[in-house]
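Architecture at a glance
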Amino acid sequence: PDALQRNLRGAHTLYNTYWIRFPRAGVTHETAVANSRVLFEAASRAGVQRIIHVSITHADAASPYPYFRGKAEVERDLKATGIPYAIARPAILFGGNGVLLNNIAWLLRHLPVFAIGGDGSYRIRPIHVDDLAGLVTDLGGRDTSVTVDAVGPQSLPFREMVLAIRAATGSRAVIVPAPGWLLPPVAQALGVVLRDRLLTSEEYHAMADGLADSGEPPTGQVKLTDWIAENGDTLGRRYANEIDRHYR
């Protein structure tokens, strides 16, 4: 904490993107909440005058999902500092070197069959990374405390996104519905082969529950389907290993 305070001294605005996608090596979402609290307290002692925090859509302290519950707890701790803040709540990111869409494309390129949990009608509201960067930069220039959903202009069914990726990549994989309970263990088995975590049970069920969608006005401009069509030639050419990227 003392080193954090020294490193933050002289900073006006802290942009906080720290979080963990899933528990690993003894670090849980509860650990991430505690770490975030330490960071905010250090920022307060260092004299930071504004904090921009990246959270998640539908963050809720009563959520059955540790990811969403933890994000709500971090929002609460941020507000308790008394420092003016802005909270941006994205659902799903795309663009840049993102993992989710790239690895869906990779699987579609390499597997004859691609399984979707249920009928795939649950909706998602992704935002391009450049739009998110623009939003948080704008929020950094304000002086009021605010919470906004960071979402793009499109809300579309998950199945429609997969079909768009299949068309853009030229994949011939057959898209098949699978019982919701079956998808996480299938993803886990594929993860063993790839030495990675493709999809956690919490991620699937939260998405199926509609937590990756939002009814708020768009704060981004890039349409997901347009971006997929423009990047189909390169999307999924190489697998993006989450474990390699962050742990190995």
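Notes on the structure follow.

**Observations concerning the overall build of the protein chain**
Broken down by element type, the protein chain carries 10 helices and 10 strands. If one aligns the C-alpha atoms of the protein chain with their principal axes, the spans along those axes are about 55 × 40 × 30 Å. Looking at the 248 residues of the protein chain, the share that counts as buried comes to 47%. When the accessible surface of the protein chain is totalled, it reaches about 12100 Å², and 53% of it is carbon and sulfur. Taking the average location of the 26 positive side-chain charges in the protein chain and that of its 25 negative ones, the two points are 5 Å from each other.

**Examining the environment of Val-146**
Position of Val-146 relative to the elements: it lies in strand E8 (residues 146–150). When the C-alpha positions of Val-146 and Val-113 are compared, they lie 44 Å apart, and in sequence the two are 33 residues distant. Ignoring any residue separated from it by four or fewer positions in sequence, one finds Val-146 in contact with Tyr-85, Ala-86, Ile-87 and Leu-139.

**Focus: the nonpolar core**
Of all hydrophobic cores here, the largest spans 31 residues; its most connected members are Met-161 and Ile-165. Breaking this core down by element, the ones donating at least two residues are helix H4 (100–110), strand E5 (113–117), helix H6 (158–169), helix H7 (183–194), helix H8 (201–208) and helix H9 (224–231). Sorting elements by how many residues they give to this core places H4 first, with six residues. Apart from residues no more than four positions distant in its own chain, Met-161 is found in contact with Leu-101, Ile-104, Ile-124, Leu-156, Leu-224 and Ile-228. Ala-32, Ala-42, Ala-72 and Val-74 belong to the second largest nonpolar core, which has 26 residues in total.

**Brief notes about the pattern of salt bridges**
Within the structure shown, the criterion is met by seven salt bridges. Arg-21 is paired through a salt bridge with Glu-242; the nearest N and O atoms lie 3.4 Å apart. With Arg-21 in the loop between strand E1 (13–16) and helix H2 (29–46) and Glu-242 in helix H10 (residues 242–246), this pair connects stretches of sequence that are 221 residues apart. Residues Arg-37 and Asp-77 are paired through a salt bridge, measuring 3.1 Å at the closest nitrogen-oxygen approach. Note that Arg-37 is positioned in helix H2 and Asp-77 in helix H3 (residues 66–80), a separation of 40 residues in sequence. Note on Asp-77: relative accessible area 12%, which makes it buried. A cluster of three or more residues bridged by salt bridges with shared partners is formed by Arg-21, Glu-203 and Glu-242.

**Regarding H7**
Given a rise of 1.5 Å per residue, 12 residues ought to cover 16 Å, and the 16 Å separating the end C-alpha atoms of H7 matches this to within 8%. Within the span of H7, buried status applies to Leu-183, Pro-184, Ala-187 and Gly-191. In an axial view of H7, the angular spread of the buried residues amounts to 90 degrees, which keeps them on one side of the axis. Summarising the geometry of H7, the exposed residues directed more than 90 degrees from the buried face are Val-192 and Val-193.

**Overview of the sheet that holds strand E3 (residues 85–90)**
As summarised here, the arrangement of the four strands in space is E1-E2-E3-E8, forming an open sheet in which the pairing is parallel. At either margin of the open sheet sits one strand with a lone partner, and together these are E1 and E8. On average, each strand axis in the sheet is tilted by 15 degrees relative to the strand beside it, whichever way the strands run. Bridging between E1 and strand E2 (residues 50–54) involves four bridges; their strand directions are parallel. Residue pairing in the sheet places Leu-14 in a bridge with Ile-51 of E2. Across the sheet, H3 is in contact with E2 and E3; its angle to E3 comes to roughly 170 degrees.

Cut-offs applied
The residue count restarts for each chain, going from 1 along the sequence in the order it is written. For this predicted model, a pLDDT threshold of at least 70 governs which residues receive local features, and a threshold of 80 or more governs which side-chain atom pairs are given and counted, while totals over whole chains, interfaces and linings are taken from all residues. Hydrogens and waters are ignored; side-chain quantities use all the structure's heavy atoms. What counts as a helix is a DSSP run of H or I of at least four residues, what counts as a strand is a run of E of at least two, and both are numbered from the N terminus. Relative accessibility decides the category of a residue: with a 1.4 Å probe and only protein chains considered, values under 20% of the type maximum give buried, values over 50% give exposed, and everything between is partly exposed. Only the protein chains shown count as cover for residues, and all accessible areas are computed by the Shrake-Rupley method using a 1.4 Å probe. When charges are tallied, Lys and Arg are placed among the positive residues and Asp and Glu among the negative ones, while His and the ends of the chain are skipped. A charged residue contributes its charge at one atom only: NZ of Lys, CZ of Arg, CG of Asp or CD of Glu. Between two residues, a contact is recorded if the distance between any of their heavy atoms is within 4.5 Å. Put simply, buried Ala, Val, Leu, Ile, Met, Phe, Trp, Tyr and Cys residues joined by side-chain atoms within 4.5 Å make one nonpolar core. Every case where a carboxyl oxygen of Asp or Glu lies within 4 Å of a side-chain nitrogen of Lys or Arg is listed as a salt bridge. Expected span of a helix: the number of residues minus one, times 1.5 Å. It is the directions from the helix axis to the C-beta atoms that the arc portrays. Strands pair, by our definition, only if DSSP identifies at least two bridges between them. The axes are straight lines fitted to the C-alpha atoms, using for helices just the contacting stretch, and the angles between their N-to-C directions are given from 0 to 180°.

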